[in-house]
Amino acid sequence: METVIPDRLATLGHPQRLAIFRLLMRRHPDRLPAGEIAGALGLKPSTLSAYLAALMQVGLVQQERAGTSLLYSIAMTEVQNTLDYLMRDCCRARPELCAPVASSRPQGQTAMPDRKFNVLFICTGNSARSIFAESILRDTAGDRFTAYSAGTKPSSELNPYALEVLKANGHDISLLRAKNVGEFSGPDAPALDFVFTVCNQAANEECPAWEGQPISGHWGMPDPVKAEGAEPEKRLAFREAYGALYRRITAFAALPIASLDRIALQAAVDDIAHLKKD
């Protein structure tokens, strides 16, 4: 470990390699194709390939083949080993010397308090998917959760197809509006317990550093706004997005949150991302 740590730190010392590392950390445990990484960070394919190779060489990123595609993800065990080594060696195992690192690490024995939780759903436009999620959670488990939604680049108005689906499923749309994610940071913002991204573009963007370390998850799905075809095909795309989110959110609401520690709860949130619409 003494020999690999300097190489890992030197590799992360390059701004664009660090940006790739941070993106893959935000998307963990997802595996991303190179094209998505390049698009999110504005890198040329040849440049990205060289940076990924450097990160893989020092063991911070891993590559897997899925069919004809190569997918990249964080080598989390090695990242944790690196942090553990720095904590023991540089901080001499004294938490007070590296308090930000020590205090940010989840305590497996600590369960979430039994109270009403604040949940924020984020997508880019806040016009369809995150609005679906906010409405579903509010109407299915509003006694246990306060649901919010926001966009990194919010639309000026909500998508009419999304509103049509919400009304057809009995949701009150009168209070819904597109909101900027900035409304949920700062001293007057609600204290968030959970933050979920529901589109890949929003998950790939830098969001505010949330106060209180809320549990986060990525429940990405195709954007129904981009559906092509005639009116029936477009409406079907919105219904399918609603159905997929409904299944994930009802599974989330059914979790015994007060009896789970943060590690178990994070694992459950990650597992929900793989649920599909029936």
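What this report covers is the structure whose coordinates are included nearby. Please read these numbers as outputs of a predicted model, since none were measured by experiment. (Residues numbered from 1 in each chain as written. Predicted model: local features only at pLDDT ≥ 70, side-chain atom pairs only at ≥ 80, totals over all residues. Heavy atoms only, no water.)

A count of helices and strands for the chain gives eleven helices and seven strands. For the chain, the proportion of its 278 residues judged to be buried stands at 42%. Within the chain, residue pairs in contact and separated by at least 24 positions form 70% of the contacts whose partners lie at least 6 positions apart. When the accessible area of the chain is evaluated, it comes to approximately 14400 Å², of which 53% is carbon and sulfur surface. (Helix = DSSP H or I, 4+ residues; strand = E, 2+ residues; numbered from the N terminus. Buried < 20%, exposed > 50% of the residue type's maximum accessible area, 1.4 Å probe, protein only. Contact = heavy atoms within 4.5 Å. Areas by Shrake-Rupley, 256 points an atom, 1.4 Å probe, with all protein chains shown as cover.)

Let us look at the nonpolar core. The nonpolar side chains of soluble globular proteins are, as a tendency, buried together. Of all hydrophobic cores here, the largest spans 51 residues; its most connected members are F121, F132, L137, F145, F194, W219 and F252. Those elements that provide at least two residues to this core are β4 (117–123), α7 (129–141), β5 (145–151), α8 (160–168), β6 (194–197), α10 (231–253) and α11 (262–272). Counting residues per element, this core draws most heavily on α10, at eight residues. Setting aside chain neighbours within four positions, we find W219 in contact with F121, F196, T197, V198, R248, I249, F252, V269, I272 and A273. Among the nonpolar cores identified, the runner-up in size contains 20 residues, and L12, L32, I37 and L55 belong to it. (Core = buried A, V, L, I, M, F, W, Y, C linked by side-chain atoms within 4.5 Å.)

On to unusual backbone geometry, then. In this model, H28 is joined to P29 through a cis peptide bond whose omega is 10 degrees. Mapping P29 onto the fold places it in the loop between α2 (15–27) and β1 (32–33). Here N126, not a glycine, exhibits a phi torsion of approximately 50 degrees, which is positive. Positionally, N126 belongs in the loop between β4 and α7.

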